[in-house]
Structure formats: structure tokens, C-alpha cells
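Below are the chains, spelled out letter by letter.
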Amino acid sequence: MIRCFNLGDIESIIELESKLLGTTLGESYFKMAYDNEFNYIYVYEQNSNIIGYVSFSFDGEIAEMLNFCVDEKHQGKGIGKALYLNAEEEFKNKNASSV
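Since the structure is predicted, the reported quantities are computational estimates derived from the model, not experimental observations.

Asker: Got a minute to help me understand the pattern of salt bridges in this structure?
Answerer: Note on pairing: side chains with opposite charge can pair once their charged atoms come close. Enumeration over the complete set of coordinates arrives at 4 salt bridges. Across the salt bridge formed by glutamate 27 and lysine 31, the nearest N and O atoms sit 2.8 Å from each other. With a gap of 4 residues between them, glutamate 27 and lysine 31 both fall in helix H2 (residues 27-35), about one helical turn apart. Relative accessible area serves as the criterion here: at 42%, glutamate 27 is assigned to the partly exposed category.

Asker: When you look at H2 in this model, what are you seeing that I'm missing?
Answerer: An α-helix turns once per 3.6 residues; consequently, residues spaced three or four apart project the same way. Tyr29, Phe30 and Ala33 are the residues of H2 that are buried. End-on, the buried residues of H2 take up no more than an arc of 95°, which puts them together on one face. H2 presents Ser28 and Asp35 as exposed residues on the side facing more than 90 degrees away from its buried surface. Elements in contact with the buried residues of H2: helix H1 (10-21), strand E2 (39-46), strand E3 (49-58) and strand E4 (63-70).

Asker: Just checking my understanding: could you explain H1 for this structure?
Answerer: For H1, built from 12 residues, the straight-helix expectation of 16 Å at 1.5 Å per residue is met to within 8% by its first-to-last C-alpha distance of 16 Å. Within the sequence span of H1, burial applies to Ile10, Ile13, Ile14, Leu16 and Glu17. Along H1, the residues classed as buried sweep out an arc of 160° about the axis, all on the same side. Looking one or two places after H1, you find glycine 22, whose phi comes out positive at around 75°.

Asker: I keep staring at the packing of H1 against H2 and nothing clicks. Help me out?
Answerer: Each pair of packed helices can be summarised by the angle the axes make with each other and by the distance between the axes. The contact between H1 and H2 brings their axes to 10 Å, and the two run at 130°. Classified by the angle their axes make, H1 and H2 are oblique. Handedness of the crossing formed by H1 with H2: right-handed. Contacts between H1 and H2 involve Ile10, Ile13, Ile14 and Glu17 from the former and Glu27, Phe30 and Lys31 from the latter.

Asker: Help me understand the packing of aromatic side chains in this model?
Answerer: Note on aromatic pairs: each is described by the distance of the centres and the angle between the planes. Per the stated rule, a full pass over the model turns up 9 aromatic pairs. When the centroid spacing of 5.1 Å and the interplanar angle of 80° are considered together, the rings of tyrosine 29 and phenylalanine 30 count as edge-to-face. According to the relative accessible area criterion, phenylalanine 30 is buried, its value standing at 0%. Aromatic rings pair up to connect Phe5, Tyr29, Phe30, Tyr34 and Tyr53 into one cluster.

Asker: Looking at this structure, how should I read the sheet that holds E2?
Answerer: In sheet architecture, strand pairing relies on hydrogen bonds along the backbone and comes in two forms, parallel and antiparallel. As summarised here, the arrangement of the 4 strands in space is E1-E2-E3-E4, forming an open sheet in which the pairing is antiparallel. Unpaired on one side and paired on the other, strand E1 (2-4) and E4 mark the two borders of the sheet. Across this sheet, the average inter-strand angle for adjacent strands is 25°, counted without regard to direction. Both E3 and E4 contribute to a ladder of 7 bridges, which runs antiparallel.

Definitions and limits used
- Residues numbered from 1 in each chain as written.
- Predicted model: local features only at pLDDT ≥ 70, side-chain atom pairs only at ≥ 80, totals over all residues.
- Heavy atoms only, no water.
- Salt bridge = Lys/Arg side-chain N within 4 Å of Asp/Glu carboxyl O.
- Helix = DSSP H or I, 4+ residues; strand = E, 2+ residues; numbered from the N terminus.
- Buried < 20%, exposed > 50% of the residue type's maximum accessible area, 1.4 Å probe, protein only.
- Arc of directions from axis to C-beta.
- Contact = heavy atoms within 4.5 Å.
- Expected span 1.5 Å × (residues − 1).
- Axes fitted to C-alpha atoms, helices over the stretch in contact; angles between N-to-C directions.
- Parallel < 35°, antiparallel > 145°, perpendicular 65-115°, else oblique.
- Left-handed = near helix turned anticlockwise from the far one by under 90°.
- Phe/Tyr/Trp six-rings, centres within 6.5 Å; stacked < 30°, edge-to-face > 60°.
- Pairing = 2+ DSSP bridges.

Okay, here's the thing in C-alpha cells:
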């Protein structure tokens, strides 16, 4: 299931980033992003586990992808594509001129 992230997802996102990237943007970044009206983060949740996420900034006109991560065990299954297409649809509904 794809949904907007919430503060309870931060720990799972940090673990996912650390595992795949060897680094993380950190808790303070995600808390700031949660409170920022220009940041949008969508998670892919399966069996109550976050297995991927994508984040964008959106200024009301242009949506720009900032981060993108899918657990390696779930790569190649269309999860990343689903996350992107979901976000693209959301921004088109907000009249974005570019995603």
C-alpha cells in the first residue's frame, strides 16, 4: 500500500536508508520534512513494514524528486515504479507543470 508518511515511519525509513545507502538523512531531516508544506514523502508499506519511499519538493508548479529508496529484497517488483507513478498522479492533480 502506498500512503503519505507519518512521524511513526521515520525509524523504518532511517533503517532502510542505512541498510541500502550506508548513510541516512536522519531523524531531524524527516521531522522537518513532515512539517514543511513543500515536502511530500510517500511510503510503500507491506505487512506493516516500510519497504520503500520517495520524497519530492513541490513549489506549486514543479515537483522535484529528492530521495528514492526500495529495499533490495523487493527491487525489480515494480515498487519503485508504483511509488513514482503515485506521486506523479498526486502532483498532476495539484496542477504541477513538471514532475
